[in-house]
Amino acid sequence: MLPRVADSLSFLYLDMVRVLQDDTGVCAQIQVSPDRTDTVYIPTAALSCLLLGPGVSITTPALTTLARHGTSVVCVGAGGVRTYAGVLPDSLTTHWLEQQVTTWTDQTRRLDAAVRMYRMRFPGAELPDTVTLDQLRGMEGQRMKALYKILAQQHGIGRFRRNYHPDQWHAQDPVNLALSSANTCLYGIIHAALLALGLSPALGFVHTGKQHAFVYDIADLYKAETTLPLAFALHQSDNPEQEARRRFRENLRLLKLLPRIVRDVQSLLTPDRPTATSAPTPTTERTDTELVHLWDPKRGTLPAGVNYAARDE
C-alpha cells in the first residue's frame, strides 16, 4: 500500500536545488562550492507531495517520474508558506474530492460540516446539540474579542482592533501587519495540503464566493494558536511582515501542522472516519487503478471497459 498524505514522509520541501532524473532515480543536486556538487536522492515512491520552494529548477524527466509514482508537485514560497500552483498526478484518486463535493452540494451535510468546524474552535466546551450556526458565529466573534483582549494585555498593548486595508497597507500597526503576513503563510500551507489530497480550494463550507474559500475555512481552525500569538509578539517589530514569515516557518517545524491539517480535513469530510488513535482506514489518497469507473444513479459505481450493449441483447 502506498503511503498516505498524513504519513511521516508525505511532504518534502526543497529549495535552492536542481531536481533531475538520472540512471538511478530522481535526485536533488546542491551546489556546495564551485567545484563540488552534492546529490541527494528523493524517495519518490514514498512521497505524496513534493513542495518546490524558491531557487528550484526541475527537469521534465523528473516530473514524469514523480507523476508516474503518484506524487503531487506544488510550487510554494520560502518554507512552503505560500502556494502558487500545483501539478496533480493522474493516479491521485478522486475519493476526497467526491466526499467534498457530495457534502458541499447537500445543504444538510454542508450545514453539519460548517457546524462541526465551529465546534472544533471550542475544544473541551460542552455545546448543546441544538446550537445553531447563527449562535456559533456569535460565539466565535466573542471568542476572538476575548482572545484579542488577553493577548493585548499580555503584551502591554492598548485596545486592539483587527484591521485589514490593502489600499492602506503600511498605515496599519505592527500587529495587524504581522497577522496579515502570518495568515498568508498559513493559507499557503493549507492550500498545499488540500492540493495534495486532490480537493478543491474553492468549495468552502463556511466561506463562499472565492477561489480559496475552503482554505479560509480550514485556516480559521488554527489561527488562535498559531498566527495570533505570533502577531502580538511582534508588536514592537520594525519589520513585522518579514519577521512574521520567518518565525512562522521556524515554528512550523514544532507545530507539525501538515499532518494535522490532513487528519482534520478528512475527519470533517467523513465524520465516521476512524480517529488517529483508532484503527487505520484502508482508504489511500492514491490508487494503482488504471481504469475509471462509470456512474449510475440507481446502481452506483459500475466497472468501465465493459460493453453494456451486449448485456441487453
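Calculation notes
Residues numbered from 1 in each chain as written. Predicted model: local features only at pLDDT ≥ 70, side-chain atom pairs only at ≥ 80, totals over all residues. Heavy atoms only, no water. Axes fitted to C-alpha atoms, helices over the stretch in contact; angles between N-to-C directions. Helix = DSSP H or I, 4+ residues; strand = E, 2+ residues; numbered from the N terminus. Parallel < 35°, antiparallel > 145°, perpendicular 65-115°, else oblique. Contact = heavy atoms within 4.5 Å. pLDDT = per-residue confidence, 0-100. Buried < 20%, exposed > 50% of the residue type's maximum accessible area, 1.4 Å probe, protein only. Phe/Tyr/Trp six-rings, centres within 6.5 Å; stacked < 30°, edge-to-face > 60°. Lys NZ or Arg CZ within 6 Å of the ring centre and 35° of its normal. Salt bridge = Lys/Arg side-chain N within 4 Å of Asp/Glu carboxyl O. Core = buried A, V, L, I, M, F, W, Y, C linked by side-chain atoms within 4.5 Å.

Engineer: Residue-level account of the packing of helix α2 (residues 95-105) against helix α3 (residues 107-119), with values.
Structural biologist: For the pair α2 and α3, interaxial distance at closest approach is 5 Å and the crossing angle is 105°. In this view, α2 runs roughly perpendicular relative to α3, as classed from their interaxial angle. Residues Gln99, Thr102, Thr103, Trp104 and Thr105 of α2 lie in contact with α3, whose contacting residues are Gln107, Arg109, Arg110 and Ala113.

Engineer: Explain the environment of Gly55 to me, using residue names and the numbers behind them.
Structural biologist: Looking at the secondary structure, you find Gly55 in the loop between β5 (49-52) and β6 (57-58). For the pair Gly55 and Ala78, spaced 23 residues apart in sequence, the C-alpha to C-alpha distance is 9.4 Å.

Engineer: Give a description of the confidence of the model for the protein that names residues and reports values.
Structural biologist: Chain-level pLDDT for the protein is 82 on average; 85% of the residues reach the 70-or-more range. Long-range and interchain partners of residues 275-284, a stretch whose pLDDT sits below 50, account for 10 contacts in this model, where long-range means more than four residues apart. When the criterion is pLDDT under 50, residues 286-290 qualifies, and its contacts beyond four places in sequence or with other chains add up to 14 contacts.

Engineer: Can you explain the side chain of Arg116? Please cite residues and give values.
Structural biologist: Along the chain, the position of Arg116 falls in helix α3. Each residue touching Arg116, except ones within four places of it in the same chain, is listed here: Ser267, Leu268 and Pro271.

Engineer: Tell me about unusual backbone geometry, residues and numbers included.
Structural biologist: With a phi angle near 55°, Met16 is a residue other than glycine that sits in the positive phi range. Within the element layout of this structure, Met16 appears in the loop between β1 (11-14) and β2 (18-21). For Met16, a relative accessible area of 59% translates into the label exposed.

Engineer: I'd love a proper account of the packing of aromatic side chains, names of residues and values included.
Structural biologist: Scanning all chains against the criterion turns up five aromatic pairs. Judged by centre distance (6.5 Å) and plane angle (35°), the ring pair of Tyr148 and Phe232 falls under tilted. Taken as a pair, Tyr148 in helix α4 (residues 133-154) and Phe232 in helix α7 (residues 227-233) lie far apart in primary sequence, 84 residues in all. For Tyr148, a relative accessible area of 17% puts it in the buried group. Aromatic side chains Phe205 and Phe214 sit 5.4 Å apart centroid to centroid with 75° between the ring planes, which places their arrangement in the edge-to-face category. Each member of the pair, Phe205 together with Phe214, is buried. These aromatic residues form a ring-pair network of at least three members: Tyr148, Phe160 and Phe232. If you follow Arg143 out to its NZ or CZ, it ends over the ring of Phe122, 5.6 Å from the centre.

Engineer: Explain the pattern of salt bridges to me, and be specific about the residues and the numbers.
Structural biologist: By the definition in use, this model includes 12 salt bridges. Notably, a salt bridge pairs Arg121 with Glu140, separated by 3.1 Å at the nearest N-O pair. Of this pair, Arg121 sits in the loop between α3 and α4 while Glu140 is found in helix α4, placing the two residues 19 residues apart along the sequence. As far as burial versus exposure is concerned, Arg121 and Glu140 are alike and both buried.

Engineer: Requested: an account of the nonpolar core, with residues and values cited.
Structural biologist: If you look at the biggest cluster of nonpolar residues, it comprises 43 residues, and the most contacted ones within it are Ile190, Ile218, Ile261 and Val265. Of all elements in the fold, only α3, α4, α5 (174-197), α6 (213-219), α7, α8 (240-255) and α9 (257-269) reach the threshold of two or more residues within this core. For this core, the element with the most residues is α5, which contributes 11 residues. In contact with Ile190, not counting residues within four places along its chain, are Val215, Ile218, Ala219, Tyr222 and Ile261. Core analysis: the next-biggest nonpolar cluster, separate from the first, contains 12 residues, Ala28, Leu50, Ala62 and Val73 among them.

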